[in-house]
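Breakdown of the fold
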Amino acid sequence: MHKFLFQLTVLIYFVSTAGFLVHVVTLRKDVERVATSVLTGGFVLHTVAVLWRWWAAGHPPFVNLHDALSSLAWAIVGVFLLFQMRYRIKSLGAFVTPVALCTIAASSLQPKEILPLPPVLKSAWLPFHAAICLLSYAVFVLAFCAAVMYLMQEREIKMKRLGGIFKRLPSLQSIDAMNKRCLTVGFTLLTIGIVTGSIWAEQAWGEYWSWDPKETWSLITWFLYAALLHQRITIGWRGRKVAIMTIVAFATLVFTFLGVSLILPGAHSYASWFK
Amino acid sequence: MQAGSSRSQIALLGVNHRTAPVEIRERLALSGCNLPALQVFSEIPSCEEVVFLSTCNRVELMIASRCLEESRRAVKDVWSSMGGVDASTFQQVIYEYEGEEAVRHLFRVASSLDSMIVGEPQILGQLKDAYRKAAEADSAGMVLNRLFHKAFSVAKRVRTETRIANSAVSISYAAVELAKKIFGEFEDRNAMLIGAGEMAELAAKHLVTNGVSRLVVANRTLSRAVELARQLGGKAISLDELEDALLYSDIVISSTGAPGIILGVDQVKRIMRPRRHRLLFFIDIAVPRDIDPGINEIDNVYLYGIDDLKGVVEVNKSEREREALKAGRIVDSEVIKFLVWMDSLEVVPVIQEVQRKAENIRRKELARSRKVLDSLDPKQQKAVDVLTKSMVQKILHDPIIFLRNEAGGTSGRELLDVANRLFGLNRLDAVDWRVHEEQGGDKERQG
């Protein structure tokens with residue numbers, strides 16, 4: 001049943017993404033409202049599907065790639081809906097929902113069998129550590145979208161080509177403010193995620209930090225975001241430079257999440273599940 | 001033939017920014033008269049309904065009347081004499097529309113298709129005010145009420161279905177729109193005006209009305225700066241303090257008469273770090289330019305010159321023209337709908353006449369048989385009354401429904417004509433037809 005709900009969620013996210021794209025082309029407000037409602041409905045369904053799977057598996061649905069991607073998509077949509085409720089950034093949906101859709105589509109391509117949890121992962125820390133990390137990734141996805149939007153709009157204004165993109169994207173200031181909020185929240189979550197991970201590692205293996213590839217790359221990502229935030233806060237860096245840095249940091253994050261897990265062996269490896 | 005018809009017709013007379021200079025428009029607004037203009041016109045006996053619109057770009061009068069020719073003549077006499085404009089000049093500047101043309105004109109005005117700046121939204125509010133005044137003074141009746149409500153809904157349709165009001169078509173407005181795309185909200189933003197010039201002042205005014213929190217005016221002569229600052233509600237500084245002021249300004253509008261560049265790339269680069277890289281938007285409307293074009297290359301700094309803004313305005317203008325065509329089609333279709341309604345008004349008296357005639361025949365026939373009927377008891381008499389009534393109603397039911405539904409259509413006129421002949425009505429002369437009908441009734445019986 002949860003598999004069916006999951007498939008339905010994929011379909012609904014697809015419809016909603018199409019809605020947001022139609023809105024950004026036609027600028028019809030009613031389409032955006034409908035797309036948002038559809039997405040909210042999909043999110044509720046997704047929540048049920050994830051909880052159901054959690055209950056069916058008897059362990060948190062974060063440990064294989066299908067579950068991790070599905071939960072990430074859930075977090076992206078959730079964070080997006082929450083953010084839009086408060087800030088209403090014009091055309092943001094057209095950037096975020098495709099990412100969420102790709103994530104859940106990738107998830108649906110992975111083997112969905114529920115495998116028994118390896119004993120090493122049996123811990124109360126698992127849901128906290130994994131959920132907080134996934135949440136921070138979702139917030140960084142939003143920061144990434146904001147950065148892309150900023151670069152597009154900035155280019156329009158700088159080149160004095162005030163056409164369709166100019167009209168459809170929000171003001172530079174509001175995208176930059178969004179970048180700042182997302183970086184702050186995302187960085188806080190990532191920090192908590194890494195700290196909980198290392199406490200868990202101490203309990204599981206007796207070592208806080210074992211330079212497992214995932215840990216190393218997480219640290220690199222953390223440093224990148226830390227540097228970015230530092231420049232923002234102390235020197236007042238903003239705009240284009242920050243947007244480019246945000247995209248670079250996000251690329252590192254994607255590698256940490258997927259690249260390391262799939263390619264390099266270690267405690268976090270999703271690759272080990274296919275052997 | 002139609003002249004003395006019982007049906008109200010609409011006419012619109014007026015002057016606008018294209019037909020008359022402002023001096024004449026002012027006089028025709030009749031603001032100097034001791035009577036309100038609306039009252040002046042509604043006192044003309046043949047003008048049954050009147051709405052008077054006066055804005056800075058147009059003065060227009062809408063009337064509904066059964067004797068349109070007479071009303072128009074009277075209105076023109078009153079208007080030119082009260083406004084102190086001699087008759088021949090008045091005739092030259094005024095435009096007059098009747099019926100369909102008048103309806104279309106009003107709809108176009110309401111949708112801001114006839115405005116100096118097509119799509120500017122104020123006109124609708126002004127039209128609503130004019131109508132409200134007329135409604136309060138009770139000078140608008142059934143026809144103009146319907147006409148104006150329709151005009152407002154047409155304007156709304158045009159606004160929502162076309163993008164006519166969406167883009168900036170004046171340079172100062174375009175500058176403000178651009179600034180909005182950079183800064184979003186203007187709260188906590190500071191603007192600086194360097195030099196003075198009509199366009200720059202206008203742009204500064206726009207910024208202030210859009211909520212810029214602080215305005216600084218810099219000028220070569222401090223006294224001029226002080227005066228301008230007072231007008232715009234800002235603070236005056238001298239040109240020497242320019243660089244300091246740049247530290248806390250976000251939007252800079254420059255239009256000095258200086259022969260060369262007054263703000264170079266290095267100056268701006270220097271202040272970016274102390275500004276903590278906050279966005280900085282320069283608008284250079286001066287010819288020759290005040291600001292080094294290279295400034296646009298600096299990170300987080302944007303410079304728009306007069307030509308760039310003109311480009312924006314041109315693009316918007318052509319889009320507006322396209323949208324105006326679309327809006328024109330909406331207006332046309334609504335005009336047709338309104339005319340259908342107007343035509344259907346004409347059918348009401350015909351239907352009434354038909355019903356009245358039938359009722360008269362019924363009464364007369366009952367009276368004729370009174371002797372026989374009197375012998376019946378009251379209950380039976382009542383039954384006969386009801387019976388005849390329902391017969392009349394049943395017979396007339398289909399023709400009346402048909403008239404009601406079809407009279408608004410394209411062949412409505414002909415239909416009414418046929419109905420008149422078919423039922424032997426002569427509406428031109430309401431007293432006569434009763435006699436006529438009695439004779440007809442007699443003939444019928446003889447036959």
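As the structure is a computational prediction, the values presented were derived from the model and not from experiment.

Next up on the list: the interface of chain A and chain B. Listed as interface residues are 26 residues of chain A and, on the opposing side, 24 residues of chain B. For the pair chain A and chain B, the summed buried surface comes to about 2100 Å²; carbon and sulfur atoms form 47% of the total. Counting the surface chain A buries against chain B, the share from its top three residues, A:Lys158, A:Lys160 and A:Arg238, is 29%. Viewed at the interface, chain B and chain A are joined by 2 salt bridges. Here B:Asp308 ties to A:Lys160 by a salt bridge, and the two come within 3.0 Å at their closest N and O atoms. The tally of links between chain A and chain B comes to 19 residue pairs in polar contact (both at pLDDT 80 or more).

The subject of this paragraph is the sheet that holds strand β1 (residues 9-16) of chain B. Within a sheet, neighbouring strands are paired by backbone hydrogen bonds and run either parallel or antiparallel to one another. All names here are of chain B. Read from one edge to the other, the open sheet built from 4 strands follows the order β2-β3-β1-β4, with strand pairing classed as antiparallel. Because the sheet does not close on itself, it has two edges, and the strands there are β2 (49-54) and β4 (95-98). Strand-to-strand, the axes of this sheet are offset by a mean angle of 15°, without reference to chain direction. Pairing between β1 and strand β3 (residues 58-65): 8 bridges, direction antiparallel. Following the sheet pairing, valine 15 is matched in β3 by valine 59. Most of the contacts of helix α7 (residues 142-161) go to β2, to which it runs at about 40°, and overall it touches β1, β2 and β3.

Let us look at the sheet that holds strand β9 (residues 280-284) of chain B. Residue and element names in this part refer to chain B. One open sheet holds the 6 strands; their spatial order is β7-β6-β5-β8-β9-β10, and the pairing between them is parallel. Only two strands of the sheet have a single neighbouring strand rather than two, namely β7 (235-238) and β10 (301-305). Across the sheet, the mean angle separating the axes of adjacent strands is 20° when strand polarity is ignored. Of the pairings in the sheet, the one linking β9 to β10 comprises 5 bridges and is parallel in character. Each residue of the ladder has a partner; that of phenylalanine 281, found in β10, is tyrosine 302. Against the sheet, helix α13 (residues 306-368) contacts β9 and β10, and its axis sits at roughly 75° relative to β10.

What follows is about the domain arrangement of chain A. All names here are of chain A. We note that the domain assignment places domain 1 (1-117) and domain 2 (118-275) within chain A. One C-alpha centre belongs to domain 1, the other to domain 2, and the line joining them spans 19 Å. Listed per partner, the contact involves 31 residues of domain 1 and 33 residues of domain 2. Around 2900 Å² of area is buried between domain 1 and domain 2 when both sides are counted, 84% of it from carbon and sulfur atoms.

Before going further, it helps to examine a nonpolar patch on the surface. Residue and element names in this part refer to chain A. Taken together, the side chains of Met1, Phe4, Val44, Val48, Trp52 and Trp55 present a nonpolar region at the surface, about 680 Å² in accessible area. Here the nonpolar patch gets 4 residues from one element, more than from any other, and that element is helix α2 (residues 29-57). For valine 48, the location among the structural elements is in helix α2.

All names here are of chain B. Mapped onto the fold, phenylalanine 107 is located in helix α5 (residues 99-110). Through-space distance from the C-alpha of phenylalanine 107 to that of serine 249 is 44 Å; in sequence the pair is 142 residues apart. In this structure, phenylalanine 107 is in contact with Leu147, Lys150, Ala151, Val154, Val331, Glu334, Val335 and Phe338, ignoring residues within four places of it in sequence.

Conventions adopted
Residues numbered from 1 in each chain as written. Chains lettered and ligands numbered in written order. Predicted model: local features only at pLDDT ≥ 70, side-chain atom pairs only at ≥ 80, totals over all residues. Heavy atoms only, no water. Contact = heavy atoms within 4.5 Å. Buried area = accessible area lost by both parts, 1.4 Å probe. Salt bridge = Lys/Arg side-chain N within 4 Å of Asp/Glu carboxyl O. Polar contact = N/O pair within 3.5 Å; in protein donor to acceptor, adjacent residues only side chain to side chain. Pairing = 2+ DSSP bridges. Helix = DSSP H or I, 4+ residues; strand = E, 2+ residues; numbered from the N terminus. Axes fitted to C-alpha atoms, helices over the stretch in contact; angles between N-to-C directions. Domains from an automatic or database assignment. Patch = residues over 30% accessible without salt bridge, like charges linked within 9 Å, V, L, I, M, F, W, Y side chains within 5 Å. Areas by Shrake-Rupley, 256 points an atom, 1.4 Å probe, with all protein chains shown as cover.

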